[in-house]
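# Fold and contact review
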Amino acid sequence: MPEQAQQFTFQAEVQRLLDLVIHSLYTDKEIFLRELVSNASDAIDRLQFEALTNPELLPEGHEPKIRLVPDKERRTLTIEDDGIGMTRDEVVRNIGTIARSGTREALEQLKEKAEGAGQLIGQFGVGFYSSFMVAERVELVTRKAGTDEAVRWTSSGDGSFTVAEAQRDRPGTTITLHLKAVDTENGIEDFTDRWVLSRLVRQHADFITYPIVLPAEKADEVPEGETPEPEKPLNSMKPIWARPPAEVTKEEYADFYRQIAHDWSEPLETIHTRSEGLVEFQAVLFLPSRGGTELYYPGFKPSLRLYVKRMLVRENSEELLPRWLRWVRGAVDSPDLPLNVSREMLQSDRHVRQIRRALTRKVLDTLKRLLESERPKYEAFWRELGRAVKEGVEGDFENRDALVDLLLFGSSREAEALTTLAEYVERIPEGQADVWYLTGASREQMESSPALEAFRDRGWEVLYLTDPVDELVVQSVTEFRGKRLRSAAKGAVELDGAEKKEEGLAREKEFEPFLTSLQKRLDTWVKEVRLSGRLTRSPAVLVVAEHDYSPQLERLMSGGRRDAIRQRRILELNAAHPLVQGLRRRWDAGAEDPVVGDYAELLLGWSLLAEGSEPHDPVRFTQLVAGLMETALDAAPAAAPPAAEVASEPAGATGSSADAAGSVRSGGAVESPDPEAPKKEN
Ligand code: ADP
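Residue indices follow the written sequence of each chain, beginning from 1 at its first position. Local features in this predicted model are restricted to residues whose pLDDT is 70 or higher, and side-chain atom pairs enter the listing and the counts only when it is 80 or higher, whereas totals over whole chains, interfaces and linings include all residues. Each side-chain value is derived from all of the structure's non-hydrogen atoms; neither hydrogens nor water enter the calculation.

### Considering the side chain of Glu-80
Where helices and strands are cited, they refer to DSSP runs of H or I of at least four residues and of E of at least two residues respectively, numbered from the N terminus. Residue position: Glu-80 is located in strand 3 (residues 76–81). Only heavy atoms matter for contacts: two residues are in contact if any of them lie within 4.5 Å across the pair. Apart from residues lying up to four places away in sequence, Glu-80 is in contact with Lys-65, Ile-66, Arg-67, Arg-168, Arg-170, Thr-173 and Thr-174.

This is the structure:
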């Protein structure tokens, strides 16, 4: 008894995608054929792969084909394959939901900006759903290899689909498109026309390795006097990697890329290579033009296919390239590997290791060439995928040096511009011995960091490391061409020559009791208070010891938790700053003066804010600031300059800080406001 058709609604995202597809955001409607033929080819690949361990899945004399059957009268086009087929559950899951995170993300983006959708959607594949560009109704009948039951899936793309029992005499999938009316102006050609179909196959699917055939022409379809066309493959079936690169068109590479990568943007660069040395292989690798967050998901699998004599043995091979190159897509074919390869075998195989080494070299050489001769393209690549490349610096010992040469960083030299370490070293002026960098959350934040004042005054370039993995990079790259890589926010910095050093030491000695007393006051958070060689304009800056974590790394590791244990830092003071000098005088007058302690805390909180962190105790900090403002107001001269004039003073002008210090001096401790004053809180 035939079961009743069961109705399902599409996942909301799928319906959204379908609406976009149906409302013709793609101009190239003919690409539906490429999508369906690719799916068919993948399905045959999978069946052959399964059959390696389960030979009875393949019928005797299995010669898999992809058949295109046009029907002019009914206006249908059927695409039929001898692939692995799908179970009922698989149909519902695969065709009705969106599994690919890239597609889901792109849809999210689409939701946010309505216009530009056409352009955006062009960046990701819609696979099977593209059939709705040319068909009013789509019917799919499929039977999974190794089972007897078939299912029929039908939908008009209007919110729901039905699934019912069906018949199919052998495993595989048949898709019938009930075609929309021909509308050449809108890209809908007559897809029941044999010539149109053969042209499209040659154009978009020539590299498919299984024969794509039209049924033999019937005698009554042929004009008098001509012989009917027999059934013969429309495609050359030669995989792209086996063809001479000079004969493969850019369009063909792009089609192949789309099939394996499921990415509709053009690849940035194509590497077509072969080797007949120690190990024989042919490979077509693509460097994508986009990165994408899915690369960083733990379960991410690379779109890199491994074939053995044109037989797919692994769809997402992780063994052919190091992990940091997981974004490289493509296909590798080698006759030197056994067909029956297990993961363990691949990992330990000598040939695989050789292929891996050769391919890694190839990619590195290509990146180097781009860096040297196509800089804008390389920078575009870097902005998308630099983060993954940096992982290699830390993890790929064998290629580390080559990788270090490929690194790009922003720097204080020019906004937006990226520099290599080599370029930085070339620009190093007289007197500068090291390569300096700063790590932080953003360029803006680092640009205003007090830690860079002395560097800026000298015109010394500082690299801005904004990427979390940069922390790992600088832990591993501590030297470049004989220059040390040093953090501008770590350790003691003495940028001046020897005689200034003497002077500094003398001053340090003289300041010591004062500094020690401040440190005691801040002991919970600060392990040392010392004079700074970094500051010229700001009163204070927080730094860490040479081998401590940078504040950026600490922030990342704490995951934003307020209660995370923080390492104690070093507070550096600018001895030439009026605020520090004023505080020093106040301390000289009475070491136990509570104002000195409050100011020490204020300086600490100020330094944290200046580097982009939060004060340790924001409530206490704001109370101190409010108290300070109050006392300053009380002490302010009656004829205050108009606000505009104050604002026009140079930023961080020392004068105002000195005034503030002076006014506190004349007032009481900031913590004890006038008891008569009305309560402002609550
Ligand atoms: P993609 O091919 O990009 O994965 P599709 O929407 O085209 O996305 O297909 C979704 C899934 O449906 C495929 O990954 C595959 O598992 C399954 N599928 C599609 N077409 C076929 C087919 N002809 N035979 C077997 N499975 C198929």
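### Focus: the pairing of strand 16 (residues 435–439)
Burial classification: accessible surface area is computed with a 1.4 Å probe over protein chains only, and a residue below 20% of its type maximum counts as buried, one above 50% as exposed, and the rest as partly exposed. Taken across its five residues, strand 16 has five buried, putting it largely inside the fold. In strand 16, alternate side chains face the same way, and those of Val-435, Tyr-437 and Thr-439 on one face and Trp-436 and Leu-438 on the other are all buried. Strand pairing follows a simple DSSP-based rule, namely that at least 2 bridges must link the two strands. Here strand 16 pairs with strand 19 (residues 483–487) via three bridges, running parallel. Within strand 19, the position partnered with Trp-436 by the bridge is Arg-486. The pairing of strand 16 with strand 17 (residues 462–465) spans four bridges and is classified as parallel. Note on strand 17: the bridge partner recorded for Tyr-437 is Leu-463.

### Examining the sheet that holds strand 13 (residues 329–333)
A sheet is described by the order of its strands in space; here five strands give the open sequence 9-10-13-11-12, paired in mixed fashion. Of all the strands in the sheet, just strand 9 (269–276) and strand 12 (311–314) have a single pairing partner and so form its edges. Averaged over neighbouring strand pairs, the angle between their axes works out to 20° when direction is ignored. Here strand 11 (residues 304–308) pairs with strand 13 via four bridges, running parallel. Across the sheet, Arg-305 pairs through a bridge with Ala-331, a residue of strand 13. Axis definition: a line fitted to C-alpha atoms, over the contacting stretch in the case of helices. Angles run 0 to 180 degrees between N-to-C directions.

### Some remarks on the pattern of salt bridges
Whenever a carboxyl oxygen of Asp or Glu lies within 4 Å of a side-chain nitrogen of Lys or Arg, that contact is scored as a salt bridge. Applying the stated criterion across every chain yields a total of 63 salt bridges. Residue Glu-269 pairs with Arg-369 through a salt bridge whose shortest N-O separation is 2.8 Å. Of this pair, Glu-269 sits in strand 9 while Arg-369 is found in helix 9 (residues 350–373), placing the two residues 100 residues apart along the sequence. Residue Glu-269 is classed as buried on the basis of its relative accessible area, which comes to 12%. Between Glu-572 and Arg-534 there is a salt bridge; the shortest N-O distance is 2.9 Å.

### A few points about unusual backbone geometry
In the Ramachandran plot, Met-237 falls in the positive-phi region, its phi being about 65° despite a non-glycine side chain. Residue placement: Met-237 occurs in the loop between strand 8 (212–213) and helix 7 (250–261). The class of Met-237 is partly exposed, set by a relative accessible area of 23%. For Glu-416, which is not glycine, the phi dihedral falls at a positive 75°. Its location among the elements puts Glu-416 in the loop between strand 14 (409–411) and strand 15 (418–419).

### Thoughts on helix 7
Counted at 1.5 Å a residue, the expected span for helix 7 with its 12 residues is 16 Å, and the 16 Å between its end C-alpha atoms agrees. Across the 12 residues of helix 7, 10 count as buried, placing the element largely inside the fold. Listed as buried for helix 7 are Glu-252, Tyr-253, Ala-254, Asp-255, Phe-256, Tyr-257, Arg-258, Gln-259, Ile-260 and Ala-261. Looking at the buried positions of helix 7, the neighbouring elements they touch are helix 2 (31–53), helix 6 (194–204), strand 9, strand 10 (280–287), strand 11 and strand 13. A positive backbone phi angle near 55° is found at His-262, which sits one or two residues after helix 7. One less than the number of residues in a helix, times 1.5 Å, gives the span that helix is expected to have.

### What to know about the sheet that holds strand 21 (residues 540–543)
Reading across the sheet, the three strands line up as 20-22-21 and stay open at both edges, with mixed pairing between neighbours. At either end of the open sheet lies a strand with only one pairing partner, and these are strand 20 (526–531) and strand 21. Sheet twist, expressed as the mean angle between neighbouring strand axes with direction ignored, is 25°. Where strand 21 meets strand 22 (residues 569–573), four bridges bridge the pair, whose relative direction is antiparallel. Bridging from a neighbouring strand, Val-541 pairs with Glu-572 of strand 22. Here helix 19 (residues 594–610) sits on the sheet and contacts strand 20, strand 21 and strand 22; the angle it forms with strand 21, its principal contact strand, is near 65°.

### Some thoughts on the nonpolar core
What tends to happen in soluble globular proteins is that the nonpolar side chains get buried as a cluster. As used here, the term nonpolar core means buried Ala, Val, Leu, Ile, Met, Phe, Trp, Tyr and Cys residues forming a set that is joined through side-chain atoms within 4.5 Å. Residues Trp-327, Val-332, Leu-359, Val-363, Tyr-378 and Phe-381 are the most contacted members of the largest nonpolar core, which totals 69 residues. For this core, the leading source of residues is helix 9, giving eight residues. Delimitation of the domains relies on an automatic or database domain assignment. Counting only domains with at least three residues in this core, you end up with domain 2 (241–357 + 382–389) and domain 3 (407–487). What Phe-381 contacts, discounting residues up to four positions off in sequence, is Leu-268, Trp-327, Leu-367, Gly-386 and Val-389.

### What to know about the environment of Leu-197
Structurally, Leu-197 is set in helix 6. Assessed through its relative accessible area of 0%, Leu-197 is described here as buried. Residues in contact with Leu-197, not counting those within four places in the same chain, are Leu-33, Leu-68, Pro-70, Leu-77, Phe-191, Leu-214 and Leu-234.

### Considering the packing of aromatic side chains
Each Phe, Tyr or Trp ring (for Trp, its six-membered ring) is paired with any other whose centre lies within 6.5 Å, and the angle between the two planes then decides the class: stacked below 30 degrees, edge-to-face above 60, tilted in between. Summed over all chains, the structure comprises 19 aromatic pairs. Ring plane angle 80° and centroid distance 5.4 Å describe the contact between Phe-128 and Trp-153, whose orientation is recorded as edge-to-face. In this pair, Phe-128 is assigned in the loop between helix 5 (117–121) and strand 4 (135–143) and Trp-153 in strand 5 (residues 150–155), connecting sequence segments 25 residues apart. Looking at Phe-128, the relative accessible area reads 7%, which means it is buried. The ring centre of Tyr-296 lies 3.8 Å from the NZ or CZ of Arg-387, which sits over that ring. A ring is scored as having a charge over it whenever the NZ atom of a lysine or the CZ atom of an arginine sits within 6 Å of its centre and within 35 degrees of its normal. The side chain of Arg-584 reaches across the aromatic face of Phe-511, ending 4.8 Å from its centre.

### Brief notes about the confidence of the model for the chain
Interpreting fine coordinate detail is not advised for predicted regions of low pLDDT. Along the chain, pLDDT gives the predictor's confidence residue by residue, from 0 to 100. For the chain, the average pLDDT comes to 85, and 87% of its residues sit at 70 or higher. Note that residues 645–682 has pLDDT below 50 and, in this model, 39 contacts with residues that lie over four places away or in other chains.

### Considerations on the packing of helix 19 against helix 20 (residues 618–635)
At a closest axis distance of 10 Å, the pairing of helix 19 and helix 20 adopts a crossing angle of 115°. The way helix 19 lies across helix 20 gives a crossing that is left-handed. Packed against helix 19, whose contacting residues are Asp-598, Tyr-599, Glu-601, Leu-602, Gly-605, Trp-606 and Leu-609, the element helix 20 presents Arg-620, Phe-621, Leu-624, Val-625 and Leu-628 at the interface. By convention, the crossing between two helices is left-handed when the near helix turns anticlockwise from the far helix through less than a right angle, and right-handed when the turn is clockwise.

### Considering a nonpolar patch on the surface
Patch criteria: residues need more than 30% relative accessible area and no salt bridge. Like-charged residues are merged within 9 Å; nonpolar side chains of Val, Leu, Ile, Met, Phe, Trp and Tyr are merged within 5 Å. All accessible areas in this document rest on Shrake-Rupley with a 1.4 Å probe, and a residue is counted as covered only by the protein chains that are shown. On the surface, Tyr-549, Leu-556 and Met-557 cluster together to form a nonpolar patch covering roughly 290 Å² of accessible area. Structurally, Met-557 can be placed in helix 17 (residues 551–558).

### Considering the packing of helix 18 (residues 578–589) against helix 19
Each pair of packed helices gets described by two things: the angle between the helix axes and the distance between those axes. Close contact between helix 18 and helix 19 brings their axes to 10 Å; oriented N to C, the two are set at 155°. By the angle between their directions, the pair helix 18 and helix 19 is classed as roughly antiparallel. Here helix 18 runs over helix 19; the crossing is left-handed. In this structure, helix 18 contributes Leu-579, Leu-583, Arg-586 and Trp-587 to the contact, and helix 19 contributes Val-595, Val-596, Tyr-599 and Leu-603. Split by residue class, the contact of helix 18 with helix 19 holds seven nonpolar, no polar and one charged. Throughout this description, any angle smaller than 35 degrees is read as roughly parallel, any larger than 145 degrees as roughly antiparallel, any in the 65 to 115 degree range as roughly perpendicular, and the remainder as oblique. When residue character is reported, Ala, Val, Leu, Ile, Met, Phe, Trp, Tyr, Cys and Pro are called nonpolar, Asp, Glu, Lys and Arg charged, and the others, Gly included, polar.

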